[in-house]
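Inside the fold
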Amino acid sequence: PDDRPHRLLFLVGGNEYFLTDIRARYERNPDVEVRTLDILADVEREPLAHQVGRLIQHMLAGSSDYGDAIREWFTPHLKWADTIFVDWCLAHAAMLTTLDPGSTRIIVRLHSFEAFTIFPHLIDLSRIDDLVFVAEPLRALTRDLVPRLRQPDAPHTPVIANAMRLDRYRRPKAPDARFTLGLVGVNAIAKDPRWAFDVLRELRRRDERYRLVLIGKEIDGSQNATAAAYHRLYARDVAELEAQGAVRRTGQTDDVPAALADVGIILNTSVREAFPSGVVEGVASGAVPVVRDWPFFAGRKAGARSVFPEDWIVRTPQEAAERVLAITSSEDLWQKAGAAAADHAIANWDWSVVQAHYDRLLLGS
């Protein structure tokens, strides 16, 4: 409408980590009125988000007391908003699409793990305008998992990177950072930090100056038997390498840019990823990237190479070690490689660049 600000509603289910900069941009825009609905903040209605069985029964029957409760909860917000941005493709996204959105534009963002849940299959895609992905491998995988996304009447599926202020990571590095490998985020088995230990051992067979710093929360082995088995091996490796002075752990930190200032090589060791923010932040700091060719996507058209440049990608710990040795063979070569990678990251993924994509998505401008 021309006579009032654009009404933008953010619908969330508790996790707003990737939303901060996006929401702040539009809160500062006088032509946009912003509201947030966090379904977990409503103590009385919040249990509805955990009743997936009732959600499925409603979808099969077409009407139910459960559906009536959702309608009563969401309809006032739906009527108010011109655009609703749903972050995370989870229960709240499926709940919203049980309602006819009318003229309200509905946008849902899928990050990664949601693709492996039931919720992309429960969403009424006819009631979504855009299903946003943070990386091309994830979009290709989800289009295979949810065949309705390949039909002519499917929503648009743009790929837009996470909002990251990368300029704040670029800080001077000490010369000895050249021999320090960094791994950001080791709290999930999918991150496979033990692959980094194999790389480190390969390097230290040639030169014992190489060491590894683990940044962030570590693996929780209490989730299931698989996690427990992996955690035992991980703990054994860490104990061995710490005793050699080869590994250091920072734990969770609120100042990642400071932690990355001592890192000269940033590793990505995951078996699968969508858009690994920790790697991009490390690259922006001037650390040279060494990215595993994610095995989960091996052989698919979209994988690590559809996110990162070819020369960043390695297939084995041995290839990773050879890349590190080549780039760190001199301080000058290492610094130039780090600066070039940082320039690429900031030019492609800094919020100053990505925000224009969100303007077009949310406001059509």
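Attention here is on the structure that accompanies the text.

Definitions and limits used
- Residues numbered from 1 in each chain as written.
- Predicted model: local features only at pLDDT ≥ 70, side-chain atom pairs only at ≥ 80, totals over all residues.
- Heavy atoms only, no water.
- Helix = DSSP H or I, 4+ residues; strand = E, 2+ residues; numbered from the N terminus.
- Buried < 20%, exposed > 50% of the residue type's maximum accessible area, 1.4 Å probe, protein only.
- Core = buried A, V, L, I, M, F, W, Y, C linked by side-chain atoms within 4.5 Å.
- Contact = heavy atoms within 4.5 Å.
- Pairing = 2+ DSSP bridges.
- Right-handed = clockwise from strand over helix to strand, strands pointing away.
- Axes fitted to C-alpha atoms, helices over the stretch in contact; angles between N-to-C directions.
- Parallel < 35°, antiparallel > 145°, perpendicular 65-115°, else oblique.
- Polar contact = N/O pair within 3.5 Å; in protein donor to acceptor, adjacent residues only side chain to side chain.
- Salt bridge = Lys/Arg side-chain N within 4 Å of Asp/Glu carboxyl O.
- Phe/Tyr/Trp six-rings, centres within 6.5 Å; stacked < 30°, edge-to-face > 60°.
- Lys NZ or Arg CZ within 6 Å of the ring centre and 35° of its normal.

A few words on unusual backbone geometry. With a phi angle near 80°, Trp 88 is a residue other than glycine that sits in the positive phi range. Along the polypeptide, Trp 88 turns up in the loop between β3 (83-87) and α4 (91-96). For Trp 88, a relative accessible area of 10% puts it in the buried group. Residues other than glycine seldom take positive phi values, yet Asp 192 does so here, at roughly 45°. On the accessibility criterion, Asp 192 (13% relative accessible area) is buried.

A few words now on the nonpolar core. Phe 308, Trp 349 and Tyr 358 are the most contacted members of the largest nonpolar core, which has 89 residues in total. In this structure Tyr 358 touches Ile 22, Tyr 26, Phe 85, Arg 109, Ile 160, Ala 161, Trp 351 and Leu 363, once residues within four positions along its chain are discounted. Judged by nonpolar contacts, the second largest core, of 32 residues, contains Leu 181, Ala 196, Phe 197 and Ala 320.

With that out of the way, let us pick up the pairing of strand β8 (residues 247-251). Remark: a regular strand shows side chains that alternate across the two faces of the sheet. The pairing of strand β7 (residues 211-218) with β8 spans four bridges and is parallel. Residue Leu 212 lies in a different strand from β8, and its bridge partner there is Val 247. With helix α8 (residues 225-243) bridging β7 and the parallel β8, this β-α-β connection has right-handed handedness.

Where helix α2 (residues 52-61) meets helix α3 (residues 65-80), the closest approach of the two axes is 8 Å, and the angle between their N-to-C directions is 100°. With respect to their mutual orientation, α2 and α3 come out roughly perpendicular. Contact residues: α2 offers Arg 54, Leu 55 and His 58, while α3 offers Asp 65, Tyr 66 and Gly 67.

Inspection of the secondary structure assignment puts Ser 306 in the loop between β10 (288-292) and β11 (313-314). For the pair Ser 306 and Glu 136, spaced 170 residues apart in the sequence, the C-alpha separation amounts to 6.7 Å. Here Gly 303 takes part through its backbone oxygen, which lies 2.7 Å from a polar atom of the side chain of Ser 306.

The subject of this paragraph is the sheet that holds strand β4 (residues 105-110). Read from one edge to the other, the open sheet built from five strands follows the order β2-β1-β3-β4-β5, with strand pairing classed as parallel. Each edge of the open sheet is held by one strand with a lone partner, namely β2 (32-38) and β5 (130-133). Going from strand to strand, the sheet's axes swing by 20° on average, the running direction of each strand aside. As paired strands, β3 and β4 are joined by five bridges and run parallel to one another. Bridge pairing in β4 places Asp 87 opposite Arg 109. Its contacts with the sheet put helix α1 (residues 20-27) on β1 (6-12), β2 and β4, and the angle it makes with β2 is roughly 145°. Most of the contacts of α3 go to β2, to which it runs at about 165°, and overall it touches β1, β2, β3 and β4.

Our focus in this paragraph is the side chain of Asp 237. When you line up the elements, Asp 237 lands in helix α8. Setting aside anything within four residues of it in sequence, one finds Asp 237 in contact with Arg 194, Phe 197 and Arg 201.

Next up on the list: the side chain of Asp 82. Along the polypeptide, Asp 82 turns up in the loop between α3 and β3. Under the relative-accessibility criterion, Asp 82 is labelled buried at 17%. Polar side-chain contacts of Asp 82 include one of 2.8 Å to the backbone nitrogen of Arg 7. Sequence-distant contacts of Asp 82, that is, excluding residues within four places in its chain, are made with Pro 1, Arg 4, Pro 5, His 6, Arg 7, Ser 103, Thr 104 and Arg 105.

Overall, the coordinates contain 31 salt bridges when judged by the stated rule. Notably, a salt bridge pairs Arg 71 with Asp 68, separated by 3.0 Å at the nearest N-O pair. Here Arg 71 pairs with Asp 68, and both are found in helix α3, just three residues apart, close to one helical turn. Judged by relative accessible area, Asp 68 falls into the partly exposed class, the value being 41%. Where Arg 201 meets Asp 198, a salt bridge forms, and the shortest distance between an N and an O atom there is 3.5 Å. With Arg 201 and Asp 198 both in helix α7 (residues 194-206) and three residues apart, the pair spans about one turn of that helix. Of the residues examined, Asp 198 reaches a relative accessible area of 35% and is grouped as partly exposed. Salt bridges here are not isolated pairs; linked through shared partners, they connect Arg 194, Asp 198, Arg 201, Arg 236, Asp 237 and Glu 240.

Moving on, we come to the packing of aromatic side chains. By the definition in use, this model includes 17 aromatic pairs. The ring centre of Phe 116 lies 4.3 Å from the NZ or CZ of Arg 272, which sits over that ring.

What the six strands build is an open sheet, ordered β8-β7-β6-β9-β10-β11; its pairing is parallel. Strands at the two margins of the open sheet, each flanked by one partner only, are β8 and β11. One ladder, built from two bridges, connects strand β6 (residues 180-186) with strand β9 (residues 265-268); its direction is parallel. Among the inter-strand pairings, Leu 181 is bridged to a residue of β9, identified as Ile 265. Along the sheet face, α8 touches β6, β7 and β8 and points at about 120° away from the line of β8.

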